[in-house]
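Breakdown of the fold
Each chain, letter by letter, is given below.
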Amino acid sequence: MRCCNFLPFKFSKMCYRVKPKFTDKKFVEIDQHGVKSAVKLRKKVFALMDYNIPDLIENGSGEMKSKMNLEDSVDDFDISLIQKRFPSITLGSAPQVDLYDGTTSNSEATIISATEGFEQNFYDSSEARQVQNTLSEASWPFDRSSVTFSASRKDDSFPLTSQSEETLDEVTREDSQNKVGLQSQSNLTLNELSLDKSVDCLLGLTKRQYQLLDNCGLHTLRKLLHHFPRSYANLQNAHAKIDDGQYLIFVGEVLSSRGVKASCSFSFLEVIVGCQIADRESACENVTDEVEQKKTIYLHLKKFFRGTRFTYKPFLNSIANKYQVRDIACVSGKVRTMRAKDHYEMREYHIDVLEDGKDLSLCAKERPYPIYPSKGGSNPTFLRDIIARALHALPVNVDPIPKDIREEFGLLSLHDAYCGIHKPMDISEADLARKRLIFDEFFYLQLGRLFQMLEGLGTQIEKDGLLEKYKRPENNTACTEEWCCLTKKILELLPYTLTSSQLQAVSEIIWDLKRPVPMNRLLQGDVGCGKTIVAFLACMEVIGSGYQAAFMVPTELLAIQHYEHLLTLLENVDEVKCKPTVALLTGSTPLKQSRIIRKGIQTGEISMVIGTHSLIAERVEFSALRIAVVDEQHRFGVIQRGRFNSKLFCTSSIPSMEDAITDGSSKSDDYMAPHVLAMSATPIPRTLALALYGDMSLTQITGLPPGRIPVQTYTIEGNDKGFDDVYKMMMDELKDGGKVYLVYPIIELSEQLPQLRAASADIEVISDRFPEYNCGLLHGRMRGDEKEETLRKFRTGELHILLATQVIEIGVDVPDASMMVVMNSERFGMAQLHQLRGRVGRGTRQSKCILIASTASSLNRLKILEQSTDGFHLANMDLLLRGPGDLLGKKQSGHLPEFPITRLEVDGNILQDAHVAALKMLSASHDLEKFPALKLELGMRQPLCLLGD
Ligand SMILES: Nc1ncnc2c1ncn2[C@@H]1O[C@H](COP(=O)(O)OP(=O)(O)OP(=O)(O)O)[C@@H](O)[C@H]1O
């Protein structure tokens, strides 16, 4: 066999076997063949095999020993001395610490407290701060002159070794102190502030790497830096037993450092670090031996480079020379056991060379090790390296938020935040960094929305007024005396008195209605708290001032219910000069009638219209629409809600109501978009509401009307015994004069889901079971009039049991319905179940709600409902359990801004800060002209077209 064919064959075989014992033998064979390139080939073998250096040293030829220059190193190196300085080297395996693992903030709190405890025990942080690490490995390709470092960061993760670099650090420190700040923002060059430079500004980035980043969508520094770690491994000091895949931290001596060209386009750096650790195994064998046994382990740190340019000798030498034999280094990362005993490979690692005379205790500190999610096929180690480079390339004064705002809200600078999230010295630093980045996510959202609202206003006074309104929402109420006559009259005629929370809500809304700026308000309240009357009163206020009102609901059933309710309320309103004319407009309204109604709306004869989506149809033209109420607003898209905005009114008043105009504001209010009052009966946590509707004012009705008895909730497993019990309870309730809802997840039986009970299939079963009571069926496939007829019969008592699907979930108000049974209730979300439950307990009767679960295991989640009837509490629980996406449903969560790092369920307080900060900035400069960097950043983050409807 020809030598050139033979050698590759032999090598490939060796590599395949990966048996270090054969290494020497094979080398002898190579030498025997006298191949010129034997040395070269040998390097390739090293590259491709898990070879065993000490074996080579002990068993190998002298030539090899001298080449490797390792013998002395091993002899001289007394790791035990160093290890004595690290009393913390006691821990073994460590679980990975997930940044976002838990569903509550507890996990984060535990991590922090655990770390704090650890730090207290093992080192004095002031000492630790003194240590300087060496230049990180990833820094080699940079143009060092362009790199600046933040001095405000307590520990620099990218410490410098040379004097000149320290001087640079000093300069930067002064620089950062002087430059950043509210007054000086105009001094910053916008170029410097831009995080949106292409990643190709990173020196040393190969074409292939650039391509890779581009493919993953990480084409700018911002994108790259916003690829946040998924979690942090909690680095532990190596103990005797090292397992595959652990993230460990070691201190040891560099035994060798080599840059090896493995092929014409492939090279690698290998640094071998020897570390001494306690030898548990031999200690166990020799129990009488009091002296602790030590053993040396060998870490093979490997880093691979692909590309011809990385195979040149100067490059290989430069990377190898960064680590000198006998350097003491702190190595952290993921270990992989090699075949040879006590040899471990690390491909994902971080190495810091420690300087002489420095306190090494820092190395014993637990250090979070960022773990990145892979993206677009690029591996996490690669991303880690590139991100490290991006951090180096990041100018220190990259922060568009002025210094005084940062100080006021206790925020890190943006530069430090990026360093802190990607290379934290400890978990608390990562946490601070995270706080800053979350702040930014909320801040720009709030800023953008407020900015846009201000832009829509003409005068400075109006702008100041709007900001003032947001700053002091508690002052924004109109007391009852300020209400118009019609509203006051209806208030008097109500068969009940409003609760204080309802009164407050009406006052807030009416205050807003009197402003020249279109209101955009969300009225939230628990099921049955009495939102409808609050909205009606708001409509009356507008009508009483000579304008029109529209009330849009998601279902026809609800529209009819509200219409009838309002007519009853207005029946007694005789003394008022102009009694409002109310119309009902839904998809089922006969064509002729709907034409008449539309005409009435257009001429202004109709002052209020209640209806479904039909109200926002283009053909419906209002004469003077001043308020649009959108009930169950989450059922409508943002666009649909926004449609009302196009219904500007062009005359100042309705002809028939001219006399009623009291506020005299009409003239100036021509061509204004109507006020929008959105209502939600699905309480969503305040944070989520603000995030979703950042541009909306929020009014909450907190209590329930007096005399309500909380609904008793029971969870029961749906087995034979369970159903027997439920039927018995139903019978008792019916005998007692009550009415029962049975709620089903589906209408017809399904072959795919045989465990589900279906409404139409059960009607016979229930009728047979309760022969002396009348049963009715209500579901979404029925015609509008059929549904209405069935509901009417149930309301009047002709029907005693109503088998329904979730069509009854919203708005159905039958006050004397006193019991609800929900079949397969695990199929419903918590908020949905709460809504359903809200259909009972609306009168003075003690009501029950029975949640039947298909399996025992699903009972736990339902038990939360057993314990609480507070919708806000349940919404919070739901948010924690399912996250905002599921809680809001597809339609609405589609409008939730993307929060890459924020968890809305736990980060609510930061949102409040961000809101205040945004108001401050805009108060200082309405158009942000004083803060060009901030304005630029806002434009980058929030393309304004995405913000509005
Ligand atoms: N202050 C009050 N005192 C007594 N009853 C009230 C009061 N306010 C409203 N109600 C009555 O409470 C019932 C529920 O009111 P309403 O339908 O407005 O609630 P809601 O908040 O819209 O509920 P849902 O979210 O279920 O639609 C109605 O029958 C209403 O007449």
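Residues numbered from 1 in each chain as written. Predicted model: local features only at pLDDT ≥ 70, side-chain atom pairs only at ≥ 80, totals over all residues. Heavy atoms only, no water.

**Quick look at the pattern of salt bridges**
- Summed over the entire model, instances satisfying the criterion amount to 32 salt bridges.
- With a closest N to O distance of 3.2 Å, R406 and D399 form a salt bridge.
- Notably, a salt bridge pairs K514 with E541, separated by 3.5 Å at the nearest N-O pair. Note that K514 is positioned in the loop between helix 22 (500–513) and strand 10 (520–525) and E541 in helix 23 (residues 531–544), a separation of 27 residues in sequence.
- Overlapping salt bridges, with partners in common, bring together K302, R336, E345 and R347 in one network. (Salt bridge = Lys/Arg side-chain N within 4 Å of Asp/Glu carboxyl O. Helix = DSSP H or I, 4+ residues; strand = E, 2+ residues; numbered from the N terminus.)

**Let's talk about the site of the ligand**
- What surrounds the ligand is a group of 19 residues, the closest being K531, T532, R708, R839 and R842.
- One of the side-chain N or O atoms of Q502 is found 2.9 Å from a nitrogen atom in the ligand.
- The separation between an oxygen atom of the ligand and a polar side-chain atom of R708 is 2.6 Å.
- Considering only residue class, the shell around the ligand consists of 6 nonpolar, 7 polar and 6 charged. (Near = heavy atom within 4 Å. Polar contact = N/O pair within 3.5 Å; in protein donor to acceptor, adjacent residues only side chain to side chain. Nonpolar A, V, L, I, M, F, W, Y, C, P; charged D, E, K, R; others polar.)

**Concerning helix 21 (residues 485–493)**
- Every buried residue belonging to helix 21 is among L486, T487, K489 and I490, and all of these are buried. Down the axis of helix 21, the buried set is contained in an arc of 160°. They therefore lie on one face. Of the exposed residues in helix 21, those oriented more than 90 degrees away from the buried face are C485 and E492.
- On its buried face, helix 21 sits against helix 22, helix 23 and helix 24 (556–571). (Buried < 20%, exposed > 50% of the residue type's maximum accessible area, 1.4 Å probe, protein only. Arc of directions from axis to C-beta. Contact = heavy atoms within 4.5 Å.)

**With respect to the packing of helix 22 against helix 23**
- For the pair helix 22 and helix 23, the least separation of the axes is 9 Å and the interaxial angle reads 30°. If you check the angle between helix 22 and helix 23, you find them roughly parallel. Judged by the sense of rotation from one axis to the other, the crossing of helix 22 with helix 23 is right-handed. Of the residues in helix 23, those in contact with Q502, A505, V506, I509, I510 and L513 of helix 22 are I533, V534, L537, A538, E541 and V542.
- Across the contact of helix 22 with helix 23, the residue classes break down as 10 nonpolar, 1 polar and 1 charged. (Axes fitted to C-alpha atoms, helices over the stretch in contact; angles between N-to-C directions. Parallel < 35°, antiparallel > 145°, perpendicular 65-115°, else oblique. Left-handed = near helix turned anticlockwise from the far one by under 90°.)

**Overview of the environment of D352**
- The topology assignment puts D352 in strand 8 (residues 343–354).
- With a relative accessible area of 2%, D352 lands in the buried category.

**Topic: the sheet that holds strand 22 (residues 848–853)**
- Across the sheet, 6 strands lie side by side as 17-22-21-18-20-19; this open sheet has parallel pairing. Taken across any chain shown, the strands that pair with only one partner, and hence form the sheet edges, are strand 17 (712–717) and strand 19 (775–778). Taking the axes of each pair of neighbouring strands and ignoring which way they run, one obtains an average angle of 20° across the sheet.
- One ladder, built from 4 bridges, connects strand 19 with strand 20 (residues 801–804); its direction is parallel. When the sheet's bridge partners are listed, L777 is paired in strand 20 with L803. (Pairing = 2+ DSSP bridges.)

**Comments concerning the state of the cysteines**
- The full count for this structure, using the stated rule, is 0 disulfides.
- Among the cysteines around C484, which has no disulfide bond, C485 carries the closest sulfur, lying 6.3 Å off. (Disulfide = S-S within 2.5 Å.)

**What about the sheet that holds strand 16 (residues 697–701)?**
- Read from one edge to the other, the open sheet built from 7 strands follows the order 12-13-11-14-15-10-16, with strand pairing classed as parallel. Looking at which strands have only one partner, the edges of the open sheet turn out to be strand 12 (582–585) and strand 16. Here the strands of the sheet are splayed against their neighbours by 20° on average, with no regard to which way each runs.
- Relative to strand 16, strand 10 runs parallel, the two being bridged by 5 bridges. Each residue of the ladder has a partner; that of L523, found in strand 16, is T699.
- The strands touched by helix 22 are strand 10, strand 14 (625–630), strand 15 (675–680) and strand 16; relative to strand 16, the strand with the most contacts, the crossing angle is about 160°.
- Its contacts with the sheet place helix 23 against strand 10, strand 11 (548–552), strand 13 (608–611), strand 14, strand 15 and strand 16, and it is angled at close to 155° to strand 11.

**Section: the side chain of N824**
- Secondary-structure assignment places N824 in the loop between strand 21 (817–822) and helix 31 (830–837).
- Sequence-distant contacts of N824, defined by excluding residues within four places in its chain, comprise P745, Q755, L756, R757, I852 and S854.

**As for the packing of aromatic side chains**
- One pass over the full model with this rule turns up 12 aromatic pairs.
- Between F266 and F304, the ring centres sit 5.8 Å apart and the planes meet at 5°, which makes this aromatic pair stacked. Placement of F266 in strand 5 (residues 266–278) and of F304 in strand 6 (residues 294–306) is noted, with a sequence separation of 38 residues between them.
- Looking at F266, the relative accessible area reads 18%, which means it is buried.
- Pairwise contacts between aromatic rings join F409, F439, F443 and Y444 into one cluster.
- Over the aromatic face of Y547 sits the side chain of R626, whose NZ or CZ is 4.6 Å from the ring centroid.
- Across the ring face of F794, the terminal group of K739 is positioned such that the distance to the ring centre comes to 5.7 Å. (Phe/Tyr/Trp six-rings, centres within 6.5 Å; stacked < 30°, edge-to-face > 60°. Lys NZ or Arg CZ within 6 Å of the ring centre and 35° of its normal.)

**Comments concerning helix 19 (residues 427–455)**
- The end-to-end C-alpha distance of helix 19, which contains 29 residues, comes to 41 Å, matching closely the 42 Å that a straight helix rising 1.5 Å per residue would cover.
- When you tally the buried positions in helix 19, you get 22 out of 29 residues, the bulk of the element. (Expected span 1.5 Å × (residues − 1).)

**Examining the side chain of D762**
- By secondary structure assignment, the location of D762 is in helix 29 (residues 759–769).
- On the basis of relative accessible area, D762 is assigned to the buried category, the value being 7%.

**Some thoughts on the confidence of the model for the chain**
- Per-residue confidence for the chain averages 70 on the pLDDT scale, and 64% of its residues sit at or above 70.
- Contacts for the low-pLDDT stretch residues 11–23, under 50 throughout, to residues beyond four places or in other chains number 19 contacts.
- Reported confidences for the modelled complex are a pTM of 0.53 and an ipTM of 0.98. (pLDDT = per-residue confidence, 0-100.)

**Considering the nonpolar core**
- Core analysis: the largest hydrophobic core is formed by 47 residues, its most contacted members being M540, F551, L566, M608, I627 and L677.
- The element best represented in this core is helix 23, accounting for 10 residues.
- If we ignore the near neighbours within four places in the chain, the residues touching L677 are I509, M519, R521, L523, A535, A538, I627, A628, V629 and V630. (Core = buried A, V, L, I, M, F, W, Y, C linked by side-chain atoms within 4.5 Å.)

**So, the packing of helix 18 (residues 414–422) against helix 19**
- Running from N to C, helix 18 and helix 19 point in directions that differ by 125°, and their axes come no closer than 8 Å. When the axes of helix 18 and helix 19 are compared, the pair comes out oblique. Helix-helix and strand crossings are classified by hand; for helix 18 and helix 19 the assignment is left-handed. Contacts between helix 18 and helix 19 pair L414, A417, Y418, G420 and I421 from the former with E429, A430, A433, R434, R436, L437 and D440 from the latter.

**Some details on unusual backbone geometry**
- Of note, D342 is a non-glycine position whose phi angle comes to about 65°, a positive value.
- Relative to the elements of secondary structure, D342 occurs in the loop between strand 7 (328–337) and strand 8.
- We classify D342 as buried; its relative accessible area is 16%.
- Although it is not a glycine, N824 adopts a positive phi angle of roughly 40°.
- Taking the relative accessible area as the measure of exposure, N824 reaches 6% and is therefore buried.

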